[in-house]
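Each chain, written out:
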Amino acid sequence: MSERTADVEVSLLAPAKNEGESLPKLFSEITAAMEAQSRSWELLIVDDGSTDDSWRVITEHTAVDPRVRGLLLRRNFGKAAALAAGVAEVRGRLLVTLDADLQDDPAEVPRLLAELDAGADLVSGHKAQRKDPLGKRLPSKFFNWMTGVITGLRLSDHNCGLKAARTEVYRRVPLYGELHRYIPALAHQLGYRVRELPVHHRAREHGTSKYGLERYVRGALDLLTVVALTRYGRRPAHLFGGLGVVAGSLGTLILLYLTGVWVFTENSIGTRPLLTLGILLEIFSVQMISTGLLAELVLHRTGRDEDVTDLVADTTTAVRSAA
């Protein structure tokens, strides 16, 4: 059986956009790191709509090393989509993701794999001595702190590109939009054992960063999605209904106060902005509670129990086949 069709234990997945200058060194460093391991492996490079010669470099290397494969996307879809496309193609039981810009050091991969062998389901790297400008480090610190507060998973670096996990973890967490930043939090919500490991981080050698400050705006919006998925994915009525109850309670207090003013004083309330606010809060309350009930109906009709197997870690009895 050829190496292309043989089973592999470790798949390495690297999304790349305009990294033609970095790829040759990435190939050699990954090969050096993995050949010291007694594990079969493969490397999948996902070209996320590059406009340089990245795809040519990838195809040339795949021709000489059957352990390396390439995947070309039709255009730039973003890192989450590139990861999702790669996860659908990898064959390894274990999956390592890293950026193709050489800032993630492939020499750290054996340490991450050792953590998986020790019982972790996902190991996220922590760029302890980050080689990025201050303008990127400060927003990142705030982002990591806020993500930890909201999701309950306290990590120093949620968004490190260097991660190792059991492949099933990546196949069970949603990957779209900017959700790749929240893979550890999403895995933690599913009950997987998440650990963090300090890793060596390097300064960029070629090209420029593909991300600007706008990524934090998109990331903040996707953090709301993470909250909805992790805390209320199976009970949407609690999310919408909770907002409705709070708004309705405030609206009721306002209207009771204005009723008292109208009954016991000579003051008019018809032109008060507070009256408008109270009515709007009551309307908003009804809308939120109704939305929560509709979401529960949709969840019920589409099958609340369809994905319960994702929650099972192990079993002591054989699963009986259908008669």
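Located above this text is the structure these notes cover.
All values reported here derive from a predicted model rather than from experimental measurement.

Draft legend 1. The packing of aromatic side chains, seen in detail. Scanning the model with the defined rule gives 1 aromatic pair in all. Aromatic pair phenylalanine 142 and tryptophan 145: ring centres 6.0 Å apart, planes at 40°, arrangement tilted. Taken together, the residues phenylalanine 142 and tryptophan 145, both in helix α5 (residues 134-151) and 3 residues apart, mark about one turn of the helix. Residue phenylalanine 142 is classed as exposed on the basis of its relative accessible area, which comes to 52%.

Draft legend 2. Up close: the nonpolar core. Of all hydrophobic cores here, the largest spans 31 residues; its most connected members are Leu12, Leu26 and Ile45. With 5 residues, the top contributor of residues to this core is helix α1 (residues 23-35). With near-sequence residues (within four places) excluded, leucine 26 lies in contact with Ala14, Ile45, Leu98, Asp99, Ala100, Leu102 and Pro106. Counting residues in each nonpolar core, the second largest holds 27 residues, with Leu83, Leu122, Phe143 and Leu175 among its members.

Draft legend 3. Representation of the side chain of threonine 167. Along the polypeptide, threonine 167 turns up in helix α6 (residues 167-172). A relative accessible area of 2% means that threonine 167 is categorised as buried. Within the local environment of threonine 167, its side chain forms a polar contact with the backbone oxygen of glycine 92, the two atoms lying 2.7 Å apart. Discounting residues that sit within four places of it in the chain, threonine 167 has contacts with Val90, Gly92, Arg93, Leu94 and Leu95.

About the cut-offs
- Positions within a chain are numbered from 1, following the residues in the order the chain's sequence is written.
- With the structure being a predicted model, the display of local features is reserved for residues of pLDDT at least 70 and the display and counting of side-chain atom pairs for 80 or more, all residues being used for whole-chain, interface and lining totals.
- As a convention, hydrogens and water are excluded, and side-chain values are obtained from all of the structure's heavy atoms.
- The pairing test for Phe, Tyr and Trp rings, Trp by its six-membered ring, is centres within 6.5 Å, and the orientation test on the planes gives stacked under 30 degrees, edge-to-face over 60, and tilted for anything in between.
- Put simply, DSSP marks the helices as runs of H or I at least four residues long and the strands as runs of E at least two long, and each gets a number from the N terminus on.
- To sort residues, take the accessible area from a 1.4 Å probe on protein chains only and compare it with the maximum for the residue type: under 20% means buried, over 50% means exposed, and anything in between is partly exposed.
- Only buried residues count toward a nonpolar core, which is a set of Ala, Val, Leu, Ile, Met, Phe, Trp, Tyr and Cys residues joined through side-chain atoms within 4.5 Å.
- The contact rule is simple, with two residues in contact once any of their heavy atoms fall within 4.5 Å.
- Polar contact is the term for a pair of N or O atoms within 3.5 Å; when the atoms are in protein, one must be able to donate a hydrogen and the other to accept it, and sequence-neighboring residues count only if both atoms are side-chain atoms.

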